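# Descriptive structure summary
The chain contents come next:
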Amino acid sequence: MDSWPVNWEALDALIIDFAKSENLIEDSSPPSSPSLTSSYHSRLIIRQIRRSLEVGNIDAAIDILRVHAPFVLEDHRLLFRLQKLKFIELLRKGTRDDRIFAIDYLRKSLAPCALNAYPEAYEEFKHVLLAFIYDKDDQTSPVANEWAEKRRYEIAGLVSSVLRAHFHAYSPIFSMALRYLMSIHKVFCFRQGIVSPISYLTERLLLEERDFPALPPESLYEAQVFDEVDIQALAHAVELTRQGAIDSLRFAKGDLFQAFQNEICRMRLNDAMLDELVREYCVYRGIVEPGMQTSSESLKVNPPESGCCSSLDSSIDVDHSTAKHSNSETSATTDLSSMQGIDVELRFASEPTNNLEDCSPSGSHQSESSSLLRNRSKGAGERSKRKRWRGRHDDLDFISGVHFNRDGKQEVSTTISKGVECTSAEDKYEIVLQMKELASRGMAAEVVEEISTLDPDFFVQNPVLLFQLKQVEFLKLVGLGDHSGALRVACSHLGPLAARDPNLLKPLKETLLSLLRPNEEALVTGLPLHALATSLQVAFGKRLGIEEPQLMRIMRATLHTHSEWFKLQMCKDRFESLLRIDSLKENNTPVLTSLATSKSNIDSCSLGSSQATISSTTGVSDDSSSPNQASSQDAICDENAILKVMVS
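Residue positions are given per chain, counting from 1 as you read along its sequence in written order. In view of the model being predicted, local features appear only for residues whose pLDDT reaches at least 70, and side-chain atom pairs are presented and counted only at 80 or more, with totals across whole chains, interfaces and linings using the full set of residues. In computing side-chain properties, one takes all heavy atoms of the structure into account and sets aside hydrogens as well as water.

### Quick look at the overall build of the chain
Secondary structure elements follow DSSP: runs of H or I no shorter than four residues count as helices, runs of E no shorter than two count as strands, and numbering proceeds from the N terminus. The number of helices and strands found in the chain is 35 helices and four strands. With 648 residues in all, the chain has 55% of them scored as buried. All accessible-area figures derive from a Shrake-Rupley calculation using a 1.4 Å probe, and residue coverage is judged against the displayed protein chains alone. Of the roughly 28,800 Å² of accessible surface on the chain, a fraction of 51% belongs to carbon and sulfur atoms. Relative accessibility decides the category of a residue: with a 1.4 Å probe and only protein chains considered, values under 20% of the type maximum give buried, values over 50% give exposed, and everything between is partly exposed.

Below, the structure written as structure tokens:
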């Protein structure tokens with residue numbers, strides 16, 4: 001099995017920006033992009049118009065449009081569609097008064113608009129008159145499509161596309177990148193004939209429905225010449241026909257990147273599910289506070305069961321806008337303030353919550369494991385930096401409740417020392433975050449000491465993590481000029497570990513070379529400490545029964561398939577910089593190695609046997625560098641110099 005590195009620091013930044021842009025967290029500082037702040041109000045307006053249309057309240061939508069976007073009502077093509085939908089909704093009510101009002105509306109508004117809308121509009125007008133004769137429940141009638149509630153969603157999507165492009169109210173970068181990566185992941189797995197290991201998430205997070213494309217102004221229907229490279233790039237990126245790509249470019253007046261954003265935002269996400277995935281990730285990474293975030297009662301989530309992949313089919317409901325016209329069953333609408341207050345029990349459902357004092361008949365284990373707990377006040381500064389989760393309070397009336405189960409069991413290893421096993425869930429969570437923080441600051445010796453005290457068997461089962469931490473300790477000592485101390489670390493730990501695992505020999509050589517270059521700067525500052533800290537967090541957290549967030553699994557799998565997809569295409573993705581995908585893949589590892597074949601990270605970093613098949617079928621290399629680069633690095637490591645250092 002392989003593991004693929006992700007720049008979690010870059011992902012943290014994107015997710016924080018997403019949460020700020022959508023006003024999901026209480027934070028006075030603005031997002032990194034001022035345009036997202038200015039577009040938040042526009043997105044709220046669009047959301048309100050969409051929801052009004054989806055529930056058939058056409059008058060409310062038209063009133064909002066009249067105030068905030070009158071240009072929509074001035075476009076007879078859009079106005080005719082809205083008026084036709086209002087006519088149907090009047091008939092749908094079924095009362096005598098509404099029927100009379102529908103006839104009057106037909107004469108005064110719909111018929112005159114049909115004459116000026118577009119060439120086919122008058123034929124559509126005559127066709128919709130059949131709704132007077134055929135009942136809405138008659139599925140065989142010639143106007144069954146006009147009666148169908150999905151027509152509301154089509155018009156809502158069309159209007160949303162127009163408004164989004166007009167206001168430049170695009171989704172935050174993270175949201176667009178996630179849509180793009182998941183769509184490529186689905187296509188890649190389908191084309192390669194592989195089963196996606198995250199299909200139980202992507203199928204519910206990225207909805208099949210797309211908003212209707214916006215209508216280009218009539219003046220732009222004249223023939224325009226676009227670069228064929230742009231047409232093909234757009235068509236392949238978002239699965240459009242060639243004509244569809246041309247129409248999209250025409251609407252964007254030839255701006256490829258604006259056309260791409262228009263098309264990406266047409267893809268629909270289950271917003272309620274995305275918000276919960278983001279919140280789970282933020283809690284795990286220490287970005288937001290866990291536990292209750294609102295004054296309302298917490299929505300309790302059922303603990304996970306074995307085979308959660310199948311149970312998830314019925315436990316995650318699509319959002320309100322999709323539930324009305326899908327075949328899947330939906331749950332009743334739940335107050336969002338309750339949903340956003342999902343307790344941290346979601347992450348620690350199967351963990352013991354009893355206190356330390358009742359865990360063991362003797363106090364020996366307690367004293368061994370409490371060094372970190374006694375010093376929890378040291379992490380108060382870090383905890384004070386965490387944000388409060390606010391939630392999407394503007395959507396209280398529209399978002400369905402989400403019953404979120406995790407995939408797989410959350411079991412605490414029986415080999416953990418009793419002191420840690422009996423630690424409360426909140427304390428375990430704080431311990432893991434403190435270990436992550438220490439590792440990210442390069443305090444490797446302290447990390448090894450604390451974890452070894454808490455769980456003596458952890459590094460026995462995770463030797464590569466121990467090797468990487470000892471690498472940091474070694475290089476830190478070299479940077480301080482303590483060569484004898486560095487050699488003691490190498491002889492006591494790095495050498496024996498490399499002797500047991502041949503994959504560690506090359507990084508051992510590269511590490512020892514730092515002794516031959518004592519004057520080289522940034523021996524430690526250049527290390528990928530954040531990547532190591534995240535690997536430690538995942539592995540040690542899992543050891544304590546804390547599963548990594550589902551969003552981490554999604555990002556690993558989709559970023560990997562993104563790379564593999566463009567290897568097959570034999571070209572570079574023209575949009576990866578726009579969506580910061582390139583920064584998510586940046587993982588500079590000058591000395592430390594990810595060691596994808598390591599046994600220590602198989603459970604925490606791999607994506608399953610299906611993903612291993614991807615590597616075998618597409619020839620994935622464990623090392624992103626070319627063979628020539630690898631051989632040149634080996635050439636630098638002179639064997640005689642290595643032996644001289646080891647002997648000394």
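Back to the text.
### Points about the pattern of salt bridges
Where charged atoms from two side chains of opposite charge approach closely, those side chains can pair. A side-chain nitrogen of Lys or Arg and a carboxyl oxygen of Asp or Glu constitute a salt bridge if their distance falls within 4 Å. For the structure shown, the criterion picks out 39 salt bridges. Here Asp 63 ties to Arg 66 by a salt bridge, and the two come within 3.0 Å at their closest N and O atoms. With Asp 63 and Arg 66 both in helix H3 (residues 58-68), this residue pair falls three residues apart, about one helical turn. Note on Asp 63: relative accessible area 43%, which makes it partly exposed. Residues Glu 203 and Arg 204 are paired through a salt bridge, measuring 3.9 Å at the closest nitrogen-oxygen approach. Several salt bridges share partner residues, and in doing so they unite Glu 22, Arg 43, Arg 47, Asp 275 and Arg 392 into one network.

### Here we look at helix H13 (residues 242-251)
Among the residues making up H13, those that are buried are Ala 245, Ile 246, Ser 248, Leu 249, Arg 250 and Phe 251. Note on contacts: a residue pair qualifies if any of its non-hydrogen atoms lie within 4.5 Å across the two residues. The inward-facing, buried residues of H13 contact helix H9 (150-167), helix H12 (228-238) and helix H14 (256-266). Remark: Lys 253 follows H13 within two positions and exhibits a positive phi of approximately 55°.

### Focus: the environment of Ile 451
Structurally, Ile 451 is set in helix H24 (residues 444-454). Look past the residues within four positions of Ile 451 in its chain and what remains in contact with it is Met 435, Pro 456, Phe 458, Phe 459, Leu 536 and Phe 540.

### Considerations on the confidence of the model for the chain
The quantity known as pLDDT measures the predictor's confidence residue by residue, on a range of 0 to 100. Confidence along the chain averages 75 in pLDDT terms, with 67% of residues attaining 70 or more. Low pLDDT (under 50) marks residues 593-637, which in the prediction has 78 contacts with non-local residues, meaning those over four places away or in another chain.

### Notes on the side chain of Arg 285
Structurally, Arg 285 can be placed in the loop between helix H15 (271-284) and helix H16 (308-315). Those residues in contact with Arg 285, other than ones at most four positions away along the chain, are Trp 8, Glu 9, Asp 12, Leu 433, Lys 436, Thr 534 and Gln 537.

### Side note on the packing of helix H5 (residues 76-93) against H9
Axis definition: a line fitted to C-alpha atoms, limited for helices to the stretch in contact. Angles are taken between N-to-C directions and run from 0 to 180 degrees. H9 packs onto H5 with a crossing angle of 150° between their chain directions and a minimal axis gap of 11 Å. With respect to H9, the element H5 is oriented roughly antiparallel. When the axes of H5 and H9 are compared, the crossing they make is left-handed. Facing H5, whose interface residues are Leu 78, Arg 81, Leu 82, Leu 85, Glu 89 and Arg 92, H9 presents Arg 151, Arg 152, Ile 155, Leu 158, Val 159 and Val 162. Should an angle fall under 35 degrees it is called roughly parallel, over 145 degrees roughly antiparallel, and 65 to 115 degrees roughly perpendicular, with every other angle called oblique. Each helix crossing is assigned a hand: it is left-handed if the near helix lies turned anticlockwise from the far helix by less than a right angle, otherwise right-handed if that turn is clockwise.

### Regarding the packing of aromatic side chains
A pair of aromatic rings is counted whenever rings of Phe, Tyr or Trp (Trp by its six-membered ring) have centres within 6.5 Å, and the orientation is called stacked for planes under 30 degrees apart, edge-to-face for over 60 and tilted otherwise. For the structure on display, the rule yields nine aromatic pairs. Ring geometry for Phe 18 versus Phe 174: centroids 5.7 Å apart, planes at 70°, classification edge-to-face. One end of the pair, Phe 18, is in helix H1 (residues 8-21); the other, Phe 174, is in helix H10 (residues 173-192), and 156 residues separate them in sequence. A centroid spacing of 5.0 Å and a plane angle of 70° characterise the contact between Phe 458 and Phe 459, whose relative ring orientation is edge-to-face. No difference in accessibility class separates Phe 458 from Phe 459, as the two residues are buried. Grouping aromatic residues by their ring pairs yields a cluster made of Tyr 180, Phe 257, Phe 260 and Phe 575.

### A short note on the nonpolar core
For the purposes of this section, nonpolar cores are sets of buried Ala, Val, Leu, Ile, Met, Phe, Trp, Tyr and Cys residues that join through side-chain atoms within 4.5 Å. Phe 174, Tyr 180 and Phe 474 are the most contacted members of the largest nonpolar core, which totals 159 residues. Per-element tally for this core: the top contributor is H10, with eleven residues. Domain extents, as shown, originate in an automatic or database domain assignment. When we break this core down by domain, the ones giving at least three residues each are domain 1 (56-167) and domain 2 (425-548). For Phe 174, the residues in contact, after removing those within four places along its chain, are Leu 11, Leu 14, Ile 15, Phe 18, Leu 274, Val 278, Leu 551 and Met 555.

### Quick word on the environment of Ala 533
Mapped onto the elements of the fold, Ala 533 is located in helix H29 (residues 529-543). What makes Ala 533 buried here is its relative accessible area of 1%. In this structure the C-alpha to C-alpha distance between Ala 533 and Ala 444, which are 89 residues apart in sequence, comes to 9.8 Å. Aside from chain neighbours lying at most four places away, what touches Ala 533 is Lys 436, Ala 439 and Ser 440.

### Observations concerning the environment of Tyr 122
Here Tyr 122 is to be found in helix H7 (residues 121-128). Remark: the alpha-carbon pair of Tyr 122 and Pro 112, spanning ten residues in sequence, is separated by 9.5 Å. Beyond its immediate stretch of four places on either side in the chain, Tyr 122 contacts Ala 114 and Leu 115.

### Topic: H12
The set of residues buried in H12 consists of Asp 230, Ile 231, Ala 233, Leu 234, Ala 235, Ala 237 and Val 238. Residues of H12 that are buried sit in contact with H10, strand S2 (206-210), H13, H14 and strand S3 (267-269). Glu 239 sits one or two positions beyond H12 and adopts a positive phi of about 55°.

### Remarks on unusual backbone geometry
Apart from glycine, the bulk of residues carry a negative phi angle, and the bulk of peptide bonds sit in the trans form. One non-glycine residue, Lys 253, lies in positive phi territory at about 55°. Assignment of secondary structure puts Lys 253 in the loop between H13 and H14. Phi is positive for Arg 580, which is not a glycine, with a value near 60°. Mapping Arg 580 onto the fold places it in the loop between helix H30 (550-569) and helix H31 (581-585).

### Looking at the side chain of Glu 263
Of note, Glu 263 is situated in helix H14. Taking relative accessible area as the criterion, Glu 263 reaches 4% and is therefore assigned buried. Distance and chemistry together define a polar contact, namely a pair of N or O atoms within 3.5 Å, with one atom able to donate a hydrogen and the other to accept it when in protein, and with adjacent residues in sequence counting only for side-chain atoms on both sides. Of note is the side chain of Glu 263, whose polar atom sits 2.8 Å from the side chain of Ser 248. When neighbours within four sequence positions are excluded, Glu 263 is seen to be in contact with Leu 234, Val 238, Leu 240 and Ser 248.

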